[in-house]
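Descriptive analysis of the structure
This is what each chain is made of:
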Amino acid sequence: MKIPILHLPEGFQRFEEIIKPGTLHFYRQEVYPAAIQAVAEVNKFQKNIRCRVSLRTTAHHACDRCLEAFAIPCECAFELLFHIGKEDLQTEEEDVVLLAPETAEVDLAEWIVEQLILSIPMKLLCREDCQGICPGCGANLNQEACRCGEKPGDPRWEKLRELLK
Ligand SMILES: [Zn+2]
Ligand SMILES: [Zn+2]
């Protein structure tokens, strides 16, 4: 997603883009196989440009407990502050991205990628009460009962039972 800088008018502008799958290349890219709806709300005041970017897509994960794949909506937003020209910058308290005066446009891809990676939760659960996998029998306890209590039949008794028939 590119924001024009050189010919950006003063005041508020809104940019929208659908980022097609596979156009951003990054580590953990497989988490975001769907298109990403990006909206940038840009506000220019003299040499300062405030840019608020919101992203909407679907994130695909594997559950930490049961290992099943699941998809959840992903919505996130971040804000950037650009300043055109390096010499006359007054503010020091905020993270300001300095732009050379001849900058034609700014590509937001690297910030979008950073935000998508930050949006991956630390704990990935297919649902809040996921029962996980039984370490004994390997049953997915969301779908089936644990089989650990079922004792396997003794093959010698099986033979005897056959004979008694
Ligand atoms: Zn699960
Ligand atoms: Zn079990």
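The structure presented is a predicted model; accordingly, all values stated were derived computationally and were not measured.

Regarding the coordination of the zinc ion (ligand 1)
Only Cys63 (SG), Cys66 (SG), Cys126 (SG) and Cys130 (SG) from the protein reach the zinc ion (ligand 1) as donors, at distances of 2.3 to 2.4 Å. Bound by four donor atoms, the zinc ion (ligand 1) shows angles of 105 to 114 degrees at the metal and therefore tetrahedral coordination geometry. Here the donor residues of the zinc ion (ligand 1) are spaced in sequence according to C-x2-C-x59-C-x3-C. Here Cys66 is found in the loop between strand S4 (48-62) and strand S5 (69-84), whereas its partner Cys126 is found in the loop between helix H1 (109-118) and helix H2 (155-164), with 60 residues between them in sequence.

Some remarks on the packing of aromatic side chains
Tallying each qualifying case throughout the model produces two aromatic pairs. Their ring planes at 35 degrees and their centres at 6.4 Å tell us that Phe26 and Tyr32 sit as a pair that is tilted. There is no split in this pair, since Phe26 and Tyr32 are both buried. A ring pair is formed by Phe82 and Trp111, whose centres lie 5.7 Å apart and whose planes are at 75 degrees; its orientation type is edge-to-face.

The rules behind these values
Residues numbered from 1 in each chain as written. Chains lettered and ligands numbered in written order. Predicted model: local features only at pLDDT ≥ 70, side-chain atom pairs only at ≥ 80, totals over all residues. Heavy atoms only, no water. Donors = N, O, S within 2.8 Å, 3.2 Å for Na, K, Ca; no water. Tetrahedral: all angles 85-135°; square planar, octahedral: opposite > 155°, others 65-115°. Helix = DSSP H or I, 4+ residues; strand = E, 2+ residues; numbered from the N terminus. Phe/Tyr/Trp six-rings, centres within 6.5 Å; stacked < 30°, edge-to-face > 60°. Buried < 20%, exposed > 50% of the residue type's maximum accessible area, 1.4 Å probe, protein only.

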